[in-house]
Amino acid sequence: GENVEQHPSTLSVQEGDSAVIKCTYSDSASNYFPWYKQELGKRPQLIIDIRSNVGEKKDQRIAVTLNKTAKHFSLHITETQPEDSAVYFCAVALNTGTASKLTFGTGTRLQVTL
Amino acid sequence: NAGVTQTPKFQVLKTGQSMTLQCAQDMNHEYMSWYRQDPGMGLRLIHYSVGAGITDQGEVPNGYNVSRSTTEDFPLRLLSAAPSQTSVYFCATQREGQWEQYFGPGTRLTVT
């Protein structure tokens, strides 16, 4: 089955700095790569996703890049703010037109300090 | 429009007891899934459904049963609870033709 590795497990940045979280996956057929943000005691919330026919996608301060050849993708957060502090999960799926069966990474705890 | 709801929010069971975790959605999404989240780990897929009457296993299905009699509801049954099933359980929904999954608020289950 699919194997997803996520690094780093914890990340501390100063407010205003950038944060980068990286994930690698094993199944070259995978074609869907979402990122979720989870605050303490809350549900995972989809913040951005990318499909395999796209190399980069940006939404305001958040961007995701995908390198299919190397089988890795990254989340970039610029101008970090205290409210960005949370656990971030990458996920991978092979979407064949039915339910996305997501395989998650183990999460990155991001702390944005003042 | 409540979106995805899960009940109960918290539950404590003794080993060997059975119970059903409820998931309901009012978005008319065709696909529904159950995930569990253990400390320090990502979510893992238990079972999923692509429509009423159709279910299939995910990565960690042992010890759990599901059924989908309506589009709105997708209950998860624990047949004989074990301490290894202590976890937070999330239900997720997905609209047919779209790839995004949206999660419910979760149920925190403790088995003693």
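Described below are features of the structure shown in this document.

Cut-offs applied
- Residues numbered from 1 in each chain as written.
- Chains lettered and ligands numbered in written order.
- Predicted model: local features only at pLDDT ≥ 70, side-chain atom pairs only at ≥ 80, totals over all residues.
- Heavy atoms only, no water.
- Helix = DSSP H or I, 4+ residues; strand = E, 2+ residues; numbered from the N terminus.
- Rg over C-alpha atoms; globule rule 2.2 N^0.38 Å.
- Buried < 20%, exposed > 50% of the residue type's maximum accessible area, 1.4 Å probe, protein only.
- Contact = heavy atoms within 4.5 Å.
- Areas by Shrake-Rupley, 256 points an atom, 1.4 Å probe, with all protein chains shown as cover.
- Lys, Arg positive; Asp, Glu negative; His and termini not counted.
- Charge placed at Lys NZ, Arg CZ, Asp CG, Glu CD.
- Disulfide = S-S within 2.5 Å.

1. Points about the overall build of chain A
Argument step 1. Of the regular secondary structure elements, chain A holds 0 helices and 11 strands.
Argument step 2. The N-to-C order of helical and strand elements in chain A reads β-β-β-β-β-β-β-β-β-β-β.
Argument step 3. At 14 Å, chain A has a C-alpha radius of gyration in line with the 13 Å of a compact globule built from 114 residues.
Argument step 4. Summarising its shape, the C-alpha atoms of chain A cover approximately 45 × 30 × 20 Å along the three principal directions.
Argument step 5. Buried positions account for 45% of the 114 residues belonging to chain A.
Argument step 6. Put simply, of all contacts in chain A between residues at least 6 apart along the chain, 54% involve residues at least 24 apart.
Argument step 7. Accessible surface computed for chain A: about 5,700 Å², of which carbon and sulfur atoms make up 45%.
Argument step 8. Distance between charge centroids for chain A: 6 Å, based on 12 positive and 12 negative side chains.

2. Observations concerning the state of the cysteines
In a disulfide, the sulfur atoms of two cysteines are covalently bonded to one another.
Argument step 1. Inspection of the entire model under this criterion finds 2 disulfides over all chains.
Argument step 2. The residue that forms a disulfide with Cys23(A) is Cys90(A), at a sulfur-sulfur distance of 2.0 Å. Disulfide Cys23(A)-Cys90(A): torsion about the S-S bond near -100°, hence left-handed. Of this pair, Cys23(A) sits in strand β3 (residues 19-25) while Cys90(A) sits in strand β9 (residues 86-92), and the two are 67 residues apart along the sequence.
Argument step 3. The buried category is assigned to Cys90(A), whose relative accessible area is 0%.
Argument step 4. Put simply, Cys23(B) and Cys91(B) are joined by a disulfide, and their sulfur atoms are 1.9 Å apart. Between Cys23(B) and Cys91(B), the disulfide has an S-S torsion of -70° and is therefore left-handed.

Just distances and angles here, no functional claims.
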